[in-house]
Amino acid sequence: MLLPYLKTGRAWLQGTRDILIMSGSRRRPHLKRPVWIIVLVSLGHEDRFSVYVHASREKPVHVSRNFVGRDIHSDKVAWGKISMVDAEKRLLAHALLDPDNQQFVLLSDSCVPLHNFDYVYNYLMFTNVSFIDCFEDPGPHGNGRYSEHMMPEVEKKYFRKASQWFSMKRQHAIIVMADSLYYRKFKLFCKPNMDGRNCYADEHYLPTLFRMIDPVGIANWSVTHVDWSEGKWHPKAYRSQDVTYELLKNITSIDENMHVTSDSKKTVTVKPCLWNGMKRPCYLFARKFYPETLDRLLFLFSNYTTV
């Protein structure tokens, strides 16, 4: 998630219990080397959740005690490069130090919750899979990014594409941290503008890894909704006037996930979102919401017990 500037906070909404709000001020300058900040929320047994912030080298200013002491300072993270995966692994490494953390959710400042805390907590904690997106795309933005240099460890038939935003069970987080073999292949041979192709590790590393080592252990969709219907390089971003009860209701009612290939056929695959074998709404979070939408979101969440 590209965040040149971030201010995070946790708000308790009157009339709605335990809803986590990530608010911030963000600008997107036309720079090739922006600052990256990634937020990971991990839900534990005792306090029920903890927050880890992948921050810049400068010390962030927090307005909530839930973020104090949770900053993970590191080198710069560049869009589309392996440093994005490094940031995710760095977050996982810190969160795994707490044995109570059992489910790990990658979010950004432009993500918002769609349900109350108990609903989200139960959805994640009592599932039998990790919500890692994964699908096969034979087009230029899928298998077209594969490099034969990844052989023999990573075969093209296993190469997959996905959304970056995941929810991962503890055993899978440990697997990610333990892996060096497949990670090295992506570090060396999945880069922007390499051999005439643009390969982005954050879109391919995790889905390919789990397609090879535990394909039945992932849901093949993300619990974070992103609208790519505009057909641009970046997904739809919501302004204040876009945020309505109908918008949130429509997103929360989606119970099927859809993948579209990037080849000329534009093949669409639609599958039900199955939670422990039962069809359930797919999404717990949604993005991208501009900071200006916060007041509108607070109003909607505080005036409706369920979205």
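See above for the structure.
Calculation rules
Residues numbered from 1 in each chain as written. Predicted model: local features only at pLDDT ≥ 70, side-chain atom pairs only at ≥ 80, totals over all residues. Heavy atoms only, no water. Helix = DSSP H or I, 4+ residues; strand = E, 2+ residues; numbered from the N terminus. Expected span 1.5 Å × (residues − 1). Buried < 20%, exposed > 50% of the residue type's maximum accessible area, 1.4 Å probe, protein only. Contact = heavy atoms within 4.5 Å. Phe/Tyr/Trp six-rings, centres within 6.5 Å; stacked < 30°, edge-to-face > 60°. Arc of directions from axis to C-beta. Core = buried A, V, L, I, M, F, W, Y, C linked by side-chain atoms within 4.5 Å. Axes fitted to C-alpha atoms, helices over the stretch in contact; angles between N-to-C directions. Parallel < 35°, antiparallel > 145°, perpendicular 65-115°, else oblique. Nonpolar A, V, L, I, M, F, W, Y, C, P; charged D, E, K, R; others polar.

What follows concerns helix α5 (residues 201-213). Helix length check: α5, at 13 residues, gives a terminal C-alpha distance of 18 Å against a target of 18 Å (1.5 Å per residue), a fit within 8%. Burial in α5 covers these residues: A201, D202, H204, Y205, L206, P207, T208, L209 and F210. If you follow the buried residues of α5, they end up packed against α1 (82-96), β6 (130-133), β7 (167-169), α3 (170-178), α4 (181-189) and β8 (218-220).

Here the focus is the environment of P113. Relative to the elements of secondary structure, P113 occurs in strand β5 (residues 112-113). A relative accessible area of 4% places P113 in the buried class. Separated by 172 residues in sequence, P113 and F285 have C-alpha atoms that sit 4.4 Å apart.

A separate point is the packing of aromatic side chains. One pass over the structure, following the stated rule, counts 12 aromatic pairs. On the numbers, 5.5 Å between centres and 65 degrees between planes, the contact of Y146 with F159 is edge-to-face. Placement of the pair is Y146 in the loop between β6 and β7 and F159 in the loop between β6 and β7, with a sequence separation of 13 residues. Take Y146: its relative accessible area is 4%, and that puts it in the buried class. Relative accessible area serves as the criterion here: at 1%, F159 is assigned to the buried category. Measuring from centroid to centroid gives 6.2 Å for F159 and F186, while their planes differ by 10 degrees, and the two rings are stacked. Note that F159 is positioned in the loop between β6 and β7 and F186 in helix α4, a separation of 27 residues in sequence. The exposure class of F186 is buried, given its relative accessible area of 0%.

Glancing now at α4. Along α4, the positions that sit buried rather than exposed are Y183, K185, F186 and F189. Seen along its axis, α4 keeps its buried residues to an arc of 160 degrees; they face one direction. If you follow the buried residues of α4, they end up packed against α1 and α5.

A few words on the nonpolar core. Counting 38 residues, the largest nonpolar core has Y123, F131, W221 and F289 as the members making the most contacts within it. For this core, the elements supplying multiple residues, two or more each, are β2 (50-55), β4 (103-107), α2 (117-125), α6 (245-253), β14 (285-287) and α7 (294-303). Here this core takes six residues from α2, the largest share from any one element. Apart from residues no more than four positions distant in its own chain, F289 is found in contact with S110, V112, Y238, V243, L247, L248 and L297. Residues C134, V154, F166 and Y183 belong to the second largest nonpolar core, which totals 34 residues.

This part takes up the packing of α1 against α4. Interaxial distance between α1 and α4 falls to 9 Å at its minimum, and their mutual angle equals 150 degrees. By the criterion of interaxial angle, the relationship of α1 to α4 is roughly antiparallel. When α1 is examined against α4, the residues I82, V85, D86 and K89 are found in contact with a partner set consisting of Y183, F186 and K187. Of the residues belonging to the contact of α1 with α4, the class tally is four nonpolar, no polar and three charged.

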